[in-house]
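Survey of secondary and tertiary structure
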Amino acid sequence: MSQQHSAAPAPTIATVTRRRDWWRDAVIYQVYPRSFADSNGDGMGDLEGVRARLPYLRDLGVDAVWLSPFYASPQADAGYDVADYRAVDPMFGNLLDADALIRDAHELGLRIIVDLVPNHSSDQHEWFKRALAEGPGSPSRDRYHFRPGKGENGELPPNDWESIFGGPAWTRVADGEWYLHLFAPEQPDFNWEHPAVGDEFRSILRFWLDMGVDGFRIDVAHGLVKAEGLPDIGDADQLKLLGNDVMPFFDQDGVHEVYRQWRHVLDEYAGERIFVAEAWTPTVERTAHYVRPDELHQAFNFQYLSTDWDAKELRAVIDRTLEAMRPVGAPATWVLSNHDVTRHATRFANPPGLGTQIRTAGDRDLGLRRARAATLLMLALPGSAYVYQGEELGLPDVVDLPDEVRQDPAYFRGAGQDGFRDGCRVPIPWTREGSSYGFGGGGSWLPQPASWGELSVEAQTGVAGSTLELYRAALSTRRAQPDLGAGDAVEWLRAPEGVLAFRRGEFVCVANTGGESVTVPAYGRVLLASGELTEADGEAKVPADTTVWWTTA
């Protein structure tokens, strides 16, 4: 018996509007605009391209679309260096295009979440340019972190902090002062102790809420507030501490007052708008602080994303996540891929323990088999799930991009994070043929591999067993099954070593993470499976790296 593909009608906008607490079980699809669809043939994706493909996302079965930044930007870090938070970068279109996209999405029953980048601006932001022009001691410099240097002539950075992208987190300007940038030098950090910064971002929130967006994904939500006095860390290998240790520039308690103020703004608007935190914290318990009832609605579960394909490890992080979220009444979130990490079809193709940025292709068949199984496991868990564009096609990372085409700023900074994020950002394929496999009428800003055609939407649509049809069936089934979606607990069932089995009402999920087939009870009627399985005499043989959904109804 193989996976079964059932279809449910897509929700109308009226259906979406009636759903209260929609975000508690929403499936949210991340669009990286420059790599999704190109409407004008310039090789760069844009908002009109996204707008044209919205029916595809509706038919896929997602609830909302999260758009990575499309603001006016010099593109030093792919738009995460914002020069104007109230303007669309010309490479993506204009505000009228954004308005049309939001309106069309709502007509199709989709909600729109936009990225917000409050930790830092571009060095081309008017505030920063003014701070440079006005010099030391000027009020404009107080909106950022400017400091005199150490050493006899101020030639050393003010402290020992390292940039996430490698090298010092400080850059010296012509007048001798230094400014803080936790990321690239083109991304100076705001000083959130200055009241003008808070005032400005509350105004930015209202600007986009008035445009009709349904929420914000908050970039580096854990980084806004720095420890008083900007103390030294005293460690020369700080990047290994990220997400594992307390850092003076991340996850400071002061950030929570910022989000309480933001929540007041959001709650002024009808329609259940939401905040989603990108918050890298040492523990999931610390992550839960961001989603207390008077703060944000969701926070990404990076602990789950970074867990290997191992039943014991997965069960531990699932339990910790649900236990941490339950006291604050927030939904758990589950994610396998995004624009900053190697796609999970490639991570799972490699041996465990290599981290979330991997340069080797590994065993492609093994990776895809595990990725499909991991997706069904993720979508069976209580809470909300995130899908990164192209994962529904089973796309691997492109690990062999030539050095001369890479654009990840971390790649050019020497020491630091690996800098291979370009591999998950290659434009996705829509058709079997064409200069960019249907991405646009011209080429693409990053080269696509020859294998893209057979992984395209066109090649997989209507093909039983394809990864695209598996996702469509899974999302349709998830919506149709009353025991799937929102919730805060699972009932674990006895299972062989290497197998996860749990019940949610009349729904049962079994995920075999091991390398051999296992025999388990046939729990009822098979709803869906990520691979072939056989049933006989009340038992089911589940192949290696396969997840099965049953209903006992």
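Calculation notes
- Residues numbered from 1 in each chain as written.
- Predicted model: local features only at pLDDT ≥ 70, side-chain atom pairs only at ≥ 80, totals over all residues.
- Heavy atoms only, no water.
- Helix = DSSP H or I, 4+ residues; strand = E, 2+ residues; numbered from the N terminus.
- Rg over C-alpha atoms; globule rule 2.2 N^0.38 Å.
- Buried < 20%, exposed > 50% of the residue type's maximum accessible area, 1.4 Å probe, protein only.
- Contact = heavy atoms within 4.5 Å.
- Areas by Shrake-Rupley, 256 points an atom, 1.4 Å probe, with all protein chains shown as cover.
- Lys, Arg positive; Asp, Glu negative; His and termini not counted.
- Charge placed at Lys NZ, Arg CZ, Asp CG, Glu CD.
- Pairing = 2+ DSSP bridges.
- Axes fitted to C-alpha atoms, helices over the stretch in contact; angles between N-to-C directions.
- pLDDT = per-residue confidence, 0-100.
- Parallel < 35°, antiparallel > 145°, perpendicular 65-115°, else oblique.
- Nonpolar A, V, L, I, M, F, W, Y, C, P; charged D, E, K, R; others polar.

As a further point, take the overall build of the chain. For the chain, the count of helices and strands is 14 helices and 21 strands. Its C-alpha radius of gyration of 23 Å places the chain within 12% of the 24 Å reference for a compact globule of 553 residues. Taken along its principal axes, the extent of the C-alpha atoms in the chain is 80 × 50 × 50 Å. By residue count, 60% of the 553 residues in the chain fall in the buried class. Here the analysis covers contacts within the chain between residues at least 6 apart in sequence; of these, 68% occur between residues at least 24 apart. Working note: accessible area of the chain is about 20,400 Å², and carbon and sulfur atoms make up 50% of it. Side chains of the chain carry 52 positive and 82 negative charges; the gap between the two charge centres is 4 Å.

Attention now goes to the sheet that holds strand β18 (residues 525-529). Taken in spatial order, the 5 strands of this open sheet run β14-β15-β16-β21-β18, and their pairing is antiparallel. Either end of the sheet is taken by a strand with one partner, and the two such strands are β14 (491-492) and β18. When strand β15 (residues 499-504) meets strand β16 (residues 507-512), the two strands line up antiparallel, connected through 6 bridges. What sits directly across from Arg 504, in β16, is Phe 507. Those strands touched by helix α10 (residues 311-325) are β14 and β15, and its axis lies near 35 degrees from that of β15. In the packing of helix α14 (residues 467-480) onto the sheet, contacts are made with β18 and β21 (546-551), and the angle to β18 comes to roughly 135 degrees.

Here the chain shows a mean pLDDT of 93. Residues at 70 or above account for 93%. Scored below 50 in pLDDT, residues 1-16 makes 40 contacts in the model with residues more than four places away or belonging to other chains.

Phi is positive for Ala 78, which is not a glycine, with a value near 50 degrees. Since its relative accessible area comes to 12%, Ala 78 is described here as buried.

Further remarks concern the sheet that holds strand β8 (residues 178-180). Sheet architecture is open: 3 strands sit in the order β6-β8-β7, paired in antiparallel fashion. On the outer flanks of this sheet lie β6 (146-147) and β7 (170-172), each paired with one strand and no other.

Turning to the packing of helix α4 (residues 95-107) against helix α6 (residues 195-211), a few remarks are in order. Viewed as axis vectors pointing N to C, α4 and α6 meet at an angle of 55 degrees, and their least axial separation amounts to 10 Å. One finds that α4 runs oblique with respect to α6. Here α4 contributes Leu 95, Ala 98, Asp 99 and Ile 102 to the contact with α6, which in turn contributes Phe 207, Trp 208 and Met 211. Its residues placed into classes, the contact of α4 with α6 shows 6 nonpolar, no polar and 1 charged.

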